[in-house]
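Structure assessment
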Amino acid sequence: MHDGTGRIMAAAFPIMMMAGAAISAAGAIQQANAAKSAALYNATLKDRDAGLSLQQADREAQQVRWASARAQGGLLAGYSASGVSTDTGSPLDVLANSASQAKLDEETVLWNGKLKATGFMSGAALDRAQAKNMEQQGQLSAASYLIGGIGQSGYAYARTGAGREPLTTANS
């Protein structure tokens with residue numbers, strides 16, 4: 001029996017399938033955009049942290065320089081109070097070694113800061129790449145939903161005979 005309601009439903013079914021596919025596609029794009037935004041935000045934070053790491057290393061290196069200057073001053077004062085000449089011999093070697101060790105400590109602090117910053121910058125680069133991949137994945141998912149919806153709608157339209165036969169479980 002072919003009543004008007006059955007024909008309307010048969011004709012509307014492919015349209016509803018396409019609407020569902022369009023909604024799924026829009027959801028996939030929205031989800032991908034949210035993931036992309038989160039990844040870009042994380043990249044921004046890591047870029048900031050890289051800069052902060054370098055600034056912190058500079059401050060720590062300055063503290064090492066100041067500590068070294070105080071230590072050198074203490075050595076010089078001690079030698080002078082004892083009447084020891086610092087121009088030659090062991091006192092000069094001690095002062096030179098102390099200055100050399102302080103410079104090494106300063107460079108180590110700066111190097112560690114650069115390594116930490118490099119780690120943050122690498123993480124930021126990975127987050128930016130992930131953001132790009134998420135955007136592409138969203139576009140591909142949306143295309144897949146639309147193509148699948150078109151195929152299913154075409155199949156449903158063909159099964160219903162362009163609205164001539166209602167789609168029921170009896171003819172599934």
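A brief report on the enclosed structure follows. Here the residue index of a chain counts from 1 through its sequence in written order. Only residues with pLDDT of at least 70 are given local features in this predicted model, and only at 80 or more are side-chain atom pairs given and counted; all residues enter the totals for whole chains, interfaces and linings. Hydrogens and water are ignored here; the side-chain numbers use all heavy atoms of the structure.

1. Examining the overall build of the protein
Here is the rule we go by: In this description a helix means any DSSP run of H or I spanning at least four residues, a strand means any run of E spanning at least two, and both kinds are numbered starting from the N terminus. Three labels apply to residues, based on accessible area from a 1.4 Å probe with only protein chains included: buried if under 20% of the type maximum, exposed if over 50%, partly exposed otherwise in between. Only heavy atoms matter for contacts: two residues are in contact if any of them lie within 4.5 Å across the pair.
What the protein contains, in helices and strands, is 2 helices and 0 strands. For the protein, the proportion of its 172 residues judged to be buried stands at 22%. Expressed as a percentage of contacts within the protein between residues at least 6 apart in sequence, the contacts between residues at least 24 apart total 80%.

2. Quick notes on the side chain of Asp127
The topology assignment puts Asp127 in helix H2 (residues 89–159). If near-sequence neighbours (up to four positions away) are discounted, Asp127 is found in contact with Ala39, Asn42, Ala43 and Lys46.

3. Focus: the pattern of salt bridges
Quick note on the threshold: The working definition used for a salt bridge is a side-chain nitrogen of Lys or Arg within 4 Å of a carboxyl oxygen of Asp or Glu.
For the structure on display, the rule yields 7 salt bridges. Of the charged contacts, one joins Asp49 and Arg48 as a salt bridge, the two residues approaching to 2.8 Å between their closest N and O atoms. Residue classification places Arg48 among the partly exposed residues on the basis of a relative accessible area of 46%. A salt bridge links Lys103 to Glu107; the nearest nitrogen and oxygen atoms lie 3.3 Å apart. Here Lys103 and its partner Glu107 are both found in helix H2, 4 residues apart, which amounts to about one turn of the helix.

4. Re the environment of Asn33
Tracing the backbone shows Asn33 in helix H1 (residues 4–82). Relative accessible area serves as the criterion here: at 36%, Asn33 is assigned to the partly exposed category.

5. Digging into the side chain of Gln72
As a reminder, the rule being used: A 3.5 Å cut-off defines polar contacts: any pair of N or O atoms within that distance qualifies, except that in protein one atom must be a possible hydrogen donor and the other a possible acceptor, and neighbouring residues in sequence count only when both atoms are side-chain atoms.
Its place among the elements puts Gln72 in helix H1. A distance of 3.0 Å separates polar atoms of two side chains, one belonging to Gln72 and the other to Ser98. If we skip the residues at most four places from it in the chain, Gln72 touches Leu95, Ser98 and Ala99.

6. Structural notes on the environment of Ala125
Within the secondary structure layout, Ala125 lies in helix H2. Under the relative-accessibility criterion, Ala125 is labelled partly exposed at 40%. A sequence separation of 81 residues divides Ala125 from Thr44, and the C-alpha atoms of the two residues are 9.8 Å apart.

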